[in-house]
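Structural overview for review
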Amino acid sequence: MLCGEQKRQNPSRTKCTNLKYAIYISKSGEAIGPFTKKELREAVHSGNISWDDWAWHKELSEWKSVHALIPIIHVARCGEEIGKFDNERDILSGLRDGSLLMDDYYWCDGMSEWKHLSALEISKGALATTAQKDALKAAGLPFDQLTTKAQVTALFSAGRNAPASAKQLALLSYLGRPVSENISKKEAADRIDAIVGDSDGADKFRDWNDDKLILFPDIYADEIAARKKECFGEYNTFRKELGSAASELPKLSFDQACRILPI
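The written sequence of each chain sets the order in which its residues are numbered from 1. At least 70 in pLDDT is required for a residue's local features to be given in this predicted model, at least 80 for side-chain atom pairs to be given and counted, and no such filter applies to totals for whole chains, interfaces and linings, which use all residues. Here the side-chain values reflect all heavy atoms present in the structure, with hydrogen atoms and water set aside.

1. So, the overall build of the chain
- Scanning the chain from terminus to terminus reveals 12 helices and eight strands.
- Counting over 263 residues, the chain shows a buried share of 32%.
- Any two residues whose heavy atoms approach within 4.5 Å are treated as being in contact. In the chain, 40% of the contacts between residues at least 6 apart in sequence involve partners at least 24 apart.
- With residues, only the protein chains shown are counted as cover, and all accessible areas are computed by Shrake-Rupley using a 1.4 Å probe. Surface summary for the chain: the accessible area is close to 16,500 Å², and the carbon and sulfur share equals 50%. Only runs of H or I of at least four residues qualify as helices and only runs of E of at least two qualify as strands under DSSP, and these elements are numbered from the N terminus. The buried label applies to any residue whose accessible area, calculated with a 1.4 Å probe on protein chains only, is under 20% of its type's maximum; exposed applies above 50%, and partly exposed to all values in between.

Following this line, the structure appears as structure tokens:
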């Protein structure tokens, strides 16, 4: 009904039937619009529409305030509010430039509790890529599934002059280019890139992921433990698939399997 009324008031604004959220605003007893969410935000910022004006679109059963349709997002850190945003893309920008963190909290009208920014779907656009995580791993730098691109940059920047990691030194030794322990992470990374970029170095590097567990068990103890756990799981899956014939294979505890497995 609103759409038809609006057409009579302003015949040129017929796009309402093509918009999923053709938003109308109640002003001085008249419905003005339709607006997209982007247009509505612009109208609010220009002062033509107030956050407290009433708004409606066809998905709503009743009129609601503008701030309910495009809610203000409050962001807090360590119990204190650090910003207010009316567009999720501003949240993404903050995560990308490092001014906001994935474990900061957000809340907007209607939410029963504060949640981490990582819960916002748009936040995924700020996460580090697989290649960046691989680079962090190779450099021996810490990261997790919520590490952002901005944090990757900060980690590498902070570690430029820090001493090379034990894993970097082990890899250089394996590639036949041992160096002194006082070399920096940045220098070690540059040397590794140069060596692996060479055809001979690339050939040698292909066996690194397997050989490192045998040659440097102390440095890669965490990866060895993960590999053993994976093998143990595969063994139990194989026994289960054998069915009645599984009695021919011993049932092992994880500790027993760790002593038997070759790495």
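2. Quick look at the environment of alanine 170
- Following the sequence through the fold, alanine 170 ends up in helix H7 (residues 166–174).
- The sequence separation of alanine 170 and leucine 215 amounts to 45 residues, and the corresponding C-alpha distance is 9.0 Å.
- Beyond its immediate chain neighbours, meaning those up to four positions away, alanine 170 contacts Trp208, Phe216 and Ile219.

3. Section: the pattern of salt bridges
- For this analysis, a salt bridge means a side-chain nitrogen from Lys or Arg found within 4 Å of a carboxyl oxygen belonging to Asp or Glu. Counting across every chain of the model gives five salt bridges.
- Aspartate 104 serves as the salt-bridge partner of arginine 77, at 2.7 Å between the closest nitrogen and oxygen. On the criterion of sequence distance, the pair formed by arginine 77 in strand E5 (residues 73–77) and aspartate 104 in the loop between helix H4 (88–97) and strand E7 (105–107) is long-range, its members being 27 residues apart.
- Accessibility expressed as a relative area gives 30% for arginine 77, which makes it partly exposed.
- Classification of aspartate 104 by relative accessible area gives buried; the value is 1%.
- With its nearest N and O atoms 3.3 Å apart, the salt bridge here joins glutamate 121 to lysine 124.
- Accessibility expressed as a relative area gives 58% for glutamate 121, which makes it exposed.

4. Some thoughts on the sheet that holds strand E8 (residues 115–116)
- A strand pair is defined by DSSP finding two or more bridges across the two strands. Strand order across the open sheet formed by four strands is E6-E5-E7-E8, with antiparallel pairing between neighbours. If you trace the sheet from one side to the other, it starts and ends with strand E6 (80–85) and E8, each paired once.
- Two elements, E5 and E6, share five bridges in a ladder whose sense is antiparallel. When the sheet's bridge partners are listed, histidine 74 is paired in E6 with lysine 84.

5. Observations regarding the sheet that holds strand E2 (residues 30–35)
- Overall, antiparallel pairing links the four strands, which are arranged E2-E1-E3-E4 in an open sheet. The open sheet has two edge strands with one neighbour each: E2 and strand E4 (64–65).
- The pairing of strand E1 (residues 23–27) with strand E3 (residues 54–56) spans three bridges and is antiparallel. Bridge pairing in E3 places serine 26 opposite tryptophan 54.
- Lying over the sheet, helix H2 (residues 37–46) contacts E1 and E2, oriented at roughly 120° with respect to E2. Helix axes are fitted only over the stretch in contact, all axes being lines through C-alpha atoms; the angle between N-to-C directions runs from 0 to 180 degrees.

6. Remarks on the packing of aromatic side chains
- Each Phe, Tyr or Trp ring (for Trp, its six-membered ring) is paired with any other whose centre lies within 6.5 Å, and the angle between the two planes then decides the class: stacked below 30 degrees, edge-to-face above 60, tilted in between. Counting across every chain of the model gives five aromatic pairs.
- Look at tryptophan 208 and tyrosine 220: their rings are 5.8 Å apart centre to centre, the planes differ by 80°, and that puts the pair in the edge-to-face class. Of this pair, tryptophan 208 sits in helix H10 (residues 208–215) while tyrosine 220 sits in the loop between H10 and helix H11 (221–242); the two residues are 12 residues apart in sequence, bridging distant segments of the chain.
- On the basis of relative accessible area, tryptophan 208 is assigned to the buried category, the value being 4%.
- Of the residues examined, tyrosine 220 reaches a relative accessible area of 3% and is grouped as buried.
- Taken together, the ring pairs connect Tyr174, Trp208, Phe216 and Tyr220 into an aromatic cluster.
- Over the ring of tyrosine 174 we find lysine 204, and its NZ or CZ is 4.5 Å from the ring centre. Look at NZ for Lys and CZ for Arg. If either is within 6 Å of the ring centre and within 35 degrees of the ring normal, a charge sits over the ring.

7. Some words on the confidence of the model for the chain
- The pLDDT averaged across the chain works out to 80; a share of 86% of its residues lies at or above 70.
- A score from 0 to 100, pLDDT tells how confident the predictor is in each residue. Note on residues 1–19: pLDDT is under 50 here. Beyond four places in sequence and across chains, it has 23 contacts.

8. Regarding H2
- Buried residues of H2: Leu40, Arg41, Ala43 and Val44, and no others. One side of H2 holds all its buried residues, which, seen down the axis, span an arc of 160°. Summarising the geometry of H2, the exposed residues directed more than 90 degrees from the buried face are Lys38 and His45.
- Turning to H2, the residues buried within the fold contact E1, E2 and helix H3 (66–69).
- Just beyond H2, the residue with positive phi is glycine 47, at close to 90°. To be clear, the arc concerns the directions from the helix axis to the C-beta atoms.

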